[in-house]
Amino acid sequence: MPAPRFVAVSCFVLPALAFGCCAIAILSDATTKDLLFRLHPLFMTAAFVLCFPYGIGAYRMEVMDAESKALAVPPAMPKLRRAHAGWQMWGSIFALFGLIMIISNKAVIGHLIAVPSVHAVLGILTFIGIIVQGVVGYFKLQQWESPVPEKSYPWHGIVGLIVFTLAIVTIVLGAIEWFPYSAAGAIVIIVAAILVWLMILLVRLFIDPESTTRTYEQIV
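Just so it is clear, the model here is predicted, and its values are computed rather than measured. (Residues numbered from 1 in each chain as written. Predicted model: local features only at pLDDT ≥ 70, side-chain atom pairs only at ≥ 80, totals over all residues. Heavy atoms only, no water.)

### Side note on the overall build of the protein
Alright, step 1. Looking only at helices and strands, the protein features eight helices and zero strands.
Alright, step 2. The helix and strand sequence of the protein, counted from the amino end, reads α-α-α-α-α-α-α-α.
Alright, step 3. Going through the 220 residues of the protein one by one, you find that 43% of them count as buried.
Alright, step 4. Surface exposure of the protein reaches about 11,800 Å², of which carbon and sulfur atoms provide 75%. (Helix = DSSP H or I, 4+ residues; strand = E, 2+ residues; numbered from the N terminus. Buried < 20%, exposed > 50% of the residue type's maximum accessible area, 1.4 Å probe, protein only. Areas by Shrake-Rupley, 256 points an atom, 1.4 Å probe, with all protein chains shown as cover.)

Printed below as a string of structure tokens:
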């Protein structure tokens, strides 16, 4: 059964709205004067609250949107792959900028770069996951665009969800560390991150992207 139109629209709006709230909370924080320190959570939320949710949900959200409009044919698979790859690439870039900002901040103030905290350890694991997923995604795309397209790396999607979940946990832990300095800002980030994670989880559980296979066979 197609999702109601308001559900489809909500899924497209939520990540942008959640990131907007995070950006306002971070940039309006009067207790943190260090710009480099503030840019770290700003870039990280841009990556994991905005870009990666759109990338992870690209296949299912586009299909849900088409079905909610009662379109006979969902978007073509090549278009969905480009959307997925594009959002994931921007998410990776923002995440890299976020990492550079926190390392630069530590170097400027003379702190140890490798701080032994759960937040830091999970952040490192998240970056390793992003690199692995990026490499696998590249090979997967090459195989799809070969003269004889074939499915490969069937675990890519579920591992992507695991890495995304790890990133959300890392963001929540980072916000908790910020809580003593700005309780309101920390709460905004925690709520925004959890809402976006729940959206992606529900989209993956209840939206079947298999109709895109039919579209691929019809159009390509």
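### Re the confidence of the model for the protein
The predicted coordinates of low-pLDDT regions are not to be read in fine detail.
Alright, step 1. Per-residue confidence for the protein gives a mean pLDDT of 83, with 80% of residues at or over 70.
Alright, step 2. Mean pLDDT across the secondary structure elements of the protein bottoms out at helix α8 (residues 211-219), with 43, and peaks at helix α6 (residues 156-178), with 94.
Alright, step 3. Note that pLDDT drops below 50 for residues 212-220; the model gives that stretch 22 contacts with residues more than four away or on any other chain. (pLDDT = per-residue confidence, 0-100. Contact = heavy atoms within 4.5 Å.)

### Considerations on the environment of Lys140
Alright, step 1. Structurally, Lys140 can be placed in helix α5 (residues 118-144).
Alright, step 2. Taking the C-alpha atoms as reference points, Lys140 and Lys151, separated by 11 residues in sequence, lie 7.6 Å from one another.
Alright, step 3. Ignoring anything within four residues of it in the chain, the contact list for Lys140 reads Ser152, Tyr153 and His156.

### Considering the packing of aromatic side chains
Alright, step 1. Throughout the structure, instances matching the rule amount to seven aromatic pairs.
Alright, step 2. Pairing Tyr54 with Trp87 gives two aromatic rings, centres 4.8 Å apart and planes at 40°, and the pair type is tilted. Note that Tyr54 is positioned in helix α2 (residues 35-56) and Trp87 in helix α4 (residues 77-109), a separation of 33 residues in sequence.
Alright, step 3. When its relative accessible area of 11% is taken as the criterion, Tyr54 is described as buried.
Alright, step 4. Judged by centre distance (6.1 Å) and plane angle (35°), the rings of Trp90 and Phe94 are tilted. Highlighted residues: Trp90 and Phe94, both in helix α4, separated by four residues, approximately one helical turn.
Alright, step 5. Trp90 sits in the partly exposed class, given a relative accessible area of 45%.
Alright, step 6. Assessed through its relative accessible area of 22%, Phe94 is described here as partly exposed.
Alright, step 7. Clustering of aromatic rings is evident, with ring pairs tying together Phe43, Trp90, Phe94 and Phe97. (Phe/Tyr/Trp six-rings, centres within 6.5 Å; stacked < 30°, edge-to-face > 60°.)

### Comments concerning the packing of α2 against α5
For any two helices packed against each other, the geometry is given by the interaxial angle and the distance between the axes.
Alright, step 1. It is at 14 Å that the axes of α2 and α5 come closest, and there the two elements cross at 50°. In terms of their interaxial angle, α2 and α5 are classed as oblique. Considering the relative orientation of α2 and α5, their crossing is left-handed. In this structure, α2 contributes His40, Met44, Phe48 and Phe52 to the contact, and α5 contributes His119, Thr126, Phe127 and Ile130.
Alright, step 2. Residue classes in the contact of α2 with α5 are distributed as five nonpolar, three polar and no charged. (Axes fitted to C-alpha atoms, helices over the stretch in contact; angles between N-to-C directions. Parallel < 35°, antiparallel > 145°, perpendicular 65-115°, else oblique. Left-handed = near helix turned anticlockwise from the far one by under 90°. Nonpolar A, V, L, I, M, F, W, Y, C, P; charged D, E, K, R; others polar.)

### Comments concerning the nonpolar core
Alright, step 1. In this structure, Phe19, Phe48, Ala95, Phe164 and Ile189 are the most contacted members of the largest nonpolar core, which totals 43 residues.
Alright, step 2. Those elements that place two or more of their residues in this core are α1 (5-27), α2, α4, α5, α6 and α7 (183-206).
Alright, step 3. With 13 residues, α2 is the largest single contributor of residues to this core.
Alright, step 4. With near-sequence residues (within four places) excluded, Phe164 lies in contact with Phe48, Phe52, Pro53, Ile56, Val196, Trp197 and Ile200. (Core = buried A, V, L, I, M, F, W, Y, C linked by side-chain atoms within 4.5 Å.)

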